[in-house]
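# Examining the three-dimensional arrangement
Here is what each chain is made of, one letter per residue.
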Amino acid sequence: MSLKICVYGSGAREEALKDIISKSPLCSEVTSFPAENTDLIIFGPEQPICDGLVDYYSSKGIKCIGVNKKFSALESSKLFAKKFMVNHGIKCAKLLPVDSDIFPQVVKADGLCKGKGVKVVYNQREKDEFTRKISQPYFIEEFLDGNEISLMSYFNGARLINFCPARDFKRLTSDIKSPNTGGMGAYCPVDLTEIQQEKLKIYFNSLQTALISEGADFNGFIYSGLIWAKNDWYVLEYNVRLGDPECQAVLNYLENDFLSILLNNEEPRYKKGYSACLTVASEGYPDNPVKGDEIILPKDDRVKVYFAGVKSENDRLFSNGGRVLSLCNVSDNPFPLLRAFAEKIFMKHKIFRDDINIF
């Protein structure tokens, strides 16, 4: 089997998918948009999934890996996701009255927000400022304090195949009040205690049972954002795609063929050490990033670079978005190398987290 595969979308996550898939013996060609004789479409970002493009291309007879329109509401409607969890006994944060004065609390916009529709607020002033910016309906949840992990799973219509837990860094800086972004870095695997591992198995079984009992009939990715609180895992959010930048870390950590995991139901196997991804963003991100900086990359074969907000003109690279580059490495301790590489990048208005570590 040799397939012509489209990775739908653009960004560092999609570049990583194309990179890893292109090395598979099951793949003959990788494109960014569906073309003639496309055998398989793998969807990257959430918008086309939530717009129903999986259903559209599936109806044309093209095999798709992506959540269908019905279940894309797990991401596009946080209230739908909340009902899904409550109906199936999956632990999640309690809803609070909109006018609750118990702080800190969590404000969540009920719609697609590209990772920026959730904020922990510590007083009424912060709550008022954030809710004024939200154009969608929103709701209030209790604040759960604990360590978070990202769990990416592949549902093949019958069972979940789970990838190793990853940890991402959503805040722009180390300041707990700094804005949430799409993600400033990630690593895997995450070292878990025995009780955390046991509780994780229980959660996976609950999610798998819930999808099957709801009649889920898609082949696609489910991202579970979990937090360890009250001696158990609680779901903070669902996404219907691979996380970015967690995808870059996990894909590079795989020892076996990613496509064979998806198409032949293989269980993932991994390399030794840790896999990490560091995001280089542009000043002003996430609200108003500076664009147009020339980018000159240092040479270091140990670091894999995926383009996100980058455009090419006359063989020169320029920043063209908020998150600009994903830097990846697999080793015993990747982040010092990635930070050193980021320091050497020529880009006038670059920013990156210089504080994140595994240990």
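Everything below is about the structure shown above.
A quick note: this is a predicted structure, and the numbers were derived from the prediction, not measured.

Rules and cut-offs
Residues numbered from 1 in each chain as written. Predicted model: local features only at pLDDT ≥ 70, side-chain atom pairs only at ≥ 80, totals over all residues. Heavy atoms only, no water. Buried < 20%, exposed > 50% of the residue type's maximum accessible area, 1.4 Å probe, protein only. Helix = DSSP H or I, 4+ residues; strand = E, 2+ residues; numbered from the N terminus. Pairing = 2+ DSSP bridges. Axes fitted to C-alpha atoms, helices over the stretch in contact; angles between N-to-C directions. Parallel < 35°, antiparallel > 145°, perpendicular 65-115°, else oblique. Left-handed = near helix turned anticlockwise from the far one by under 90°. Contact = heavy atoms within 4.5 Å. Nonpolar A, V, L, I, M, F, W, Y, C, P; charged D, E, K, R; others polar. Salt bridge = Lys/Arg side-chain N within 4 Å of Asp/Glu carboxyl O. Phe/Tyr/Trp six-rings, centres within 6.5 Å; stacked < 30°, edge-to-face > 60°.

It is worth spelling out the pairing of strand β3 (residues 40–43) at this point. Burial of β3 is two-sided: the residues Leu40 and Ile42 facing one way and the residues Ile41 and Phe43 facing the other way are all buried. In this sheet, β3 lies alongside strand β1 (residues 3–8) in parallel orientation, the contact comprising four bridges. Residue pairing for β3: Ile5 is matched across the bridge by Leu40. Bridge count between β3 and strand β4 (residues 63–65): three bridges; the pairing is parallel. Across the sheet, Ile41 pairs through a bridge with Cys64, a residue of β4.

Interaxial distance between helix α1 (residues 12–22) and helix α8 (residues 246–253) falls to 8 Å at its minimum, and their mutual angle equals 15°. In terms of their interaxial angle, α1 and α8 are classed as roughly parallel. Crossing of α1 against α8: the hand is left-handed. Listed contacts from α8 to Ala12, Arg13, Ala16, Leu17 and Ile20 of α1 are Cys247, Gln248, Leu251 and Asn252. Considered class by class, the residues forming the contact of α1 with α8 number six nonpolar, two polar and one charged.

With that settled, consider the sheet that holds strand β5 (residues 95–96). Remark on secondary structure: sheet strands pair via backbone hydrogen bonds, oriented parallel or antiparallel. Pairing is antiparallel in the open sheet, where four strands are placed in the order β5-β8-β6-β7. In the strand order of this sheet, the two ends are held by β5 and β7 (118–121), each with one partner. In terms of strand pairing, strand β6 (residues 105–109) meets strand β8 (residues 138–142) through five bridges, oriented antiparallel. Across the sheet, the residue bridging to Val107 is Ile140, located in β8. In this fold helix α5 (residues 78–87) packs onto β5, β6, β7 and β8, with an angle of close to 40° to the strand it touches most, β8. Sitting on the sheet, helix α6 (residues 124–133) is in contact with β6, β7 and β8, with an inclination near 165° to β7.

Turning next to the pattern of salt bridges. All chains considered together, the criterion is met by 22 salt bridges. Here Lys170 makes a salt bridge to Asp168, at a shortest N to O gap of 2.9 Å. Accessibility expressed as a relative area gives 22% for Lys170, which makes it partly exposed. Asp300 is the partner of Arg302 in a salt bridge, and the nearest nitrogen-oxygen pair spans 2.8 Å. Three or more residues joined by partner-sharing salt bridges are found here, namely Asp19, Lys23 and Lys304.

This brings us to the packing of aromatic side chains. Evaluation of the coordinates by the stated rule reveals 16 aromatic pairs. A centroid spacing of 5.0 Å and a plane angle of 75° characterise the contact between Tyr56 and Tyr57, whose relative ring orientation is edge-to-face. On the basis of relative accessibility, which here comes to 42%, the residue Tyr56 falls in the partly exposed class. For Tyr57, a relative accessible area of 16% puts it in the buried group. Centre to centre, the rings of Phe169 and Tyr187 are 6.2 Å apart; their planes meet at 35°, and the pair counts as tilted. Of the two residues, Phe169 is situated in the loop between β11 (167–168) and β12 (185–188) and Tyr187 in strand β12; the sequence distance between them amounts to 18 residues. When its relative accessible area of 5% is taken as the criterion, Tyr187 is described as buried.

Attention now goes to the environment of Gly66. Looking at where Gly66 falls in the secondary structure, it is placed in the loop between β4 and α4 (73–76). In this structure, the C-alpha to C-alpha distance between Gly66 and Val240, residues 174 residues apart in sequence, is 7.6 Å. Sequence-distant contacts of Gly66, defined by excluding residues within four places in its chain, comprise Phe43, Val54, Phe218, Asn219 and Gly220.

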